[in-house]
Amino acid sequence: MFQRMTPSIVITIAAVVISLFFIRRYFAFAQRDISKFILLDSRFIDQDQLLDKSVFVYDSGYDGQFYYRYALNPFKVKKRAYGIEVDDPQFRRQRITYSFLAWMVSFGQAEWVPWSMVVINILGLLGIVMTMVLLFKYYQIELIYALFPLLIVGFWMSLSRNTTEITEGLFLSLSLYAIVKQKWWQYALFASLTVLSREGAIILLGGGSVAITLYAWQEGKLNLKLLFCLLTPLIIFLSHRQLIDALMPREKFPPISDFLGPPFAGITEGVMLNTAEAIWVWPAVNIYIGYTIGLALLTGITINYGFSLQKYTSIKEQWLTPFLTGAIAVWIIFLIFLKINIYIEDWGYMRISSTFFLLAFLFLILKNKRLNFVLLALAFICCFSFAIRAWQTA
């Protein structure tokens, strides 16, 4: 009985902590000024040219300021517009889904954009949870596990900094549900919106699509419609990149070698750097704890994934499980070969792995009908550590 209730208790506690986190962020950090979530950087703006001069400006900002710029007008491609300079327009505009939705919800009214960006992320997280509810109803799994997305640190960061992880997670979740129902045109649509939210999703979708293709071929179910729908996100992604190149020419995108290196080199260097620079006073201790626990969570998920591969796959799982298996495997390989620039801080590797955690937790729940308590505890500690750090920077 205790073992059955423990995951429910842990996930419920996480939900309460998240609620407290946002109440604290709204009243103490935002002080009823929703524009503070944008984190607009004074170095990238001309305050006299801003469309909404009431937007709060900081001495240093975060990525959300660039999505805010495109949410003002996603069709304006200049490097500097509306008093905001985008640091890397070609890179930032790849992630257009979130900004486009914010523009639509705000009806193009600049003063409504700060609110629309927050509302979209809140509704997006609710949408992820509700999609998990639909999946677990279909698979007859305890619905309490539908709250597991609340344990993903990257979604917390997205909510508090107006970034794109939640939008990516929402459309990826809808893509998974389309796979379960074998609605391949819907999959093509939602998966395309996923890669237009964050370009890294193409790695997960690529691995999953190859796995589904092999499964369909073995089962004699492979056809042109399925192949086309699986390839559509890649076609949309490459076409969008070509459009960006045409509208905003630049020498070239950074080569893949700028991000990949020898296996485990980036992780090893990151651990050594963080250990060497660790100052054993608060709040630096909390940062180091968050860093090491995050790596422990990734390691634990990888080990559990390996042990779960041979477990029985029910008839209901036969389309989704191959996709999850391939997507997770490719992302683990990707993490192993990443260079140190992504492992300098935990917020780096935890953020880019948001949808990996979503798929990995879902895979483990499907295979085991529950989540390992150790993984739940590690995920909760990561979230709690992030919440404390976010409060400290309020």
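As the structure is a prediction and not an experimental result, all values here were calculated from the model. One numbering rule holds for all chains: residues counted from 1, following each sequence as written. In keeping with the model being predicted, local features are shown solely for residues with a pLDDT of at least 70 and side-chain atom pairs are shown and tallied solely at 80 or more, while totals for entire chains, interfaces and linings include all residues. Hydrogens and water molecules were not included; the side-chain quantities draw on all heavy atoms of the structure.

## Looking at the overall build of the chain
The condition is simple: Think of it this way: any DSSP run of H or I at least four residues long counts as a helix, any run of E at least two long counts as a strand, and we number them from the N terminus. Type-normalised accessible area, obtained with a 1.4 Å probe on protein chains alone, sets the label of each residue: buried when under 20%, exposed when over 50%, and partly exposed for intermediate values. Here, two residues are considered to be in contact whenever any of their heavy atoms come within 4.5 Å of each other. Per-residue and other accessible areas follow the Shrake-Rupley method at a 1.4 Å probe size, with only the shown protein chains counted as cover for residues.
Along the backbone of the chain there are 16 helices and four strands. Every one of the 394 residues in the chain was classed for burial, and the buried ones make up 54%. Pairs at least 24 residues apart make up 73% of the contacts formed inside the chain by residues separated by at least 6 positions. For the chain, the accessible area works out to roughly 17,500 Å², and carbon and sulfur atoms hold 68% of it.

## Observations regarding the packing of helix 13 (residues 320-337) against helix 15 (residues 354-368)
Cut-off, in case you're wondering: For helices, the fitted axis covers only the stretch in contact; all axes are lines through C-alpha atoms, and the angles between them, taken along N-to-C directions, range from 0 to 180 degrees. By the definition adopted for this analysis, an angle is roughly parallel if under 35 degrees, roughly antiparallel if over 145, roughly perpendicular if from 65 to 115, and oblique otherwise. For a crossing to be left-handed, the near helix must be turned anticlockwise from the far one by less than a right angle; the clockwise case is right-handed. We call Asp, Glu, Lys and Arg charged. Ala, Val, Leu, Ile, Met, Phe, Trp, Tyr, Cys and Pro are nonpolar, and the rest, Gly among them, are polar.
In contact at an axis separation of 10 Å, helix 13 and helix 15 are set at 135° when each is read in the N-to-C sense. Relative to helix 15, helix 13 is oriented oblique. As for the relative orientation of helix 13 and helix 15, their crossing is left-handed in sense. For the pair helix 13 and helix 15, contact is made by Leu-320, Thr-321, Leu-324, Thr-325, Ala-327, Ile-328, Trp-331 and Ile-332 and by Phe-356, Leu-359, Ala-360, Leu-362, Phe-363, Leu-366 and Lys-367, respectively. In the contact of helix 13 with helix 15, the residues fall into twelve nonpolar, two polar and one charged.

## Things to note about a nonpolar patch on the surface
Our working rule: Candidate patch residues must exceed 30% relative accessible area and have no salt bridge, after which like charges are joined if within 9 Å and Val, Leu, Ile, Met, Phe, Trp or Tyr side chains if within 5 Å. Between Lys or Arg on one side and Asp or Glu on the other, a salt bridge is scored when a side-chain nitrogen of the former is within 4 Å of a carboxyl oxygen of the latter.
A surface patch of nonpolar side chains, about 580 Å² in accessible area, is lined by Trp-185, Phe-228, Leu-231, Leu-234, Ile-235 and Leu-238. Sort the elements by how many residues they give to the nonpolar patch and helix 10 (residues 224-247) lands first, with five residues. Here Phe-228 is to be found in helix 10.

## Points about the confidence of the model for the chain
The test is simple: What pLDDT expresses is the predictor's confidence in each residue, scored from 0 to 100.
Summary statistics for the chain give a mean pLDDT of 84 and a share of 85% for residues scoring 70 or more. Ranking the helices and strands of the chain by mean pLDDT puts helix 8 (residues 184-195) first, with 97, and helix 1 (residues 2-30) last, with 58.

## With respect to the packing of aromatic side chains
Aromatic ring pairs are described here by two measures, namely the spacing of the ring centres and the angle between the planes. The cut-off we apply is this: Stacked, tilted and edge-to-face are the three classes applied to pairs of Phe, Tyr and Trp rings, where Trp contributes its six-membered ring and a pair requires centres within 6.5 Å; stacked means planes under 30 degrees apart, edge-to-face means over 60, and tilted covers the rest.
With the rule as written, the count across this model stands at 21 aromatic pairs. Ring geometry for Trp-331 against Phe-334: centres 4.8 Å apart, planes inclined by 50°, an arrangement best described as tilted. A residue pair is termed a helical-turn pair when its members lie 3 or 4 positions apart in one helix, as Trp-331 and Phe-334 do in helix 13 at three residues. Here Trp-331 matches Phe-334 in class, with each residue buried. Relative to Phe-357, the ring of Phe-356 lies with its centre 5.7 Å away and its plane at 55°, an arrangement referred to as tilted. Of the two residues examined, Phe-356 and Phe-357, each falls in the buried class. What links up through ring pairs into an aromatic cluster is the set Phe-136, Phe-148, Phe-356, Phe-357 and Phe-361.

## Digging into the packing of helix 7 (residues 165-180) against helix 8
In contact at an axis separation of 8 Å, helix 7 and helix 8 are set at 165° when each is read in the N-to-C sense. Classified by the angle between their axes, helix 7 and helix 8 sit roughly antiparallel to one another. Crossing of helix 7 over helix 8 shows left-handed handedness. Contacts between helix 7 and helix 8 involve Glu-168, Phe-171, Leu-172, Leu-174, Ser-175, Ala-178 and Ile-179 on the former and, on the latter, Trp-184, Gln-186, Tyr-187, Phe-190, Ala-191, Leu-193 and Thr-194. In terms of residue class, the contact of helix 7 with helix 8 is made up of ten nonpolar, three polar and one charged.

## Looking at the pattern of salt bridges
Tallying each qualifying case throughout the model produces nine salt bridges. Here Glu-85 ties to Arg-80 by a salt bridge, and the two come within 2.9 Å at their closest N and O atoms. On the accessibility criterion, Arg-80 (40% relative accessible area) is partly exposed. Where Glu-199 meets Arg-95, a salt bridge forms, and the shortest distance between an N and an O atom there is 2.8 Å. Placement of Glu-199 in the loop between helix 8 and helix 9 (201-218) and of Arg-95 in the loop between helix 3 (89-92) and helix 4 (96-105) is noted, with a sequence separation of 104 residues between them. Under the relative-accessibility criterion, Glu-199 is labelled buried at 16%. Note on Arg-95: relative accessible area 6%, which makes it buried. One network of salt bridges, with partners in common, ties together Asp-63, Asp-87, Arg-92, Glu-165, Glu-168, Arg-198 and Arg-351.

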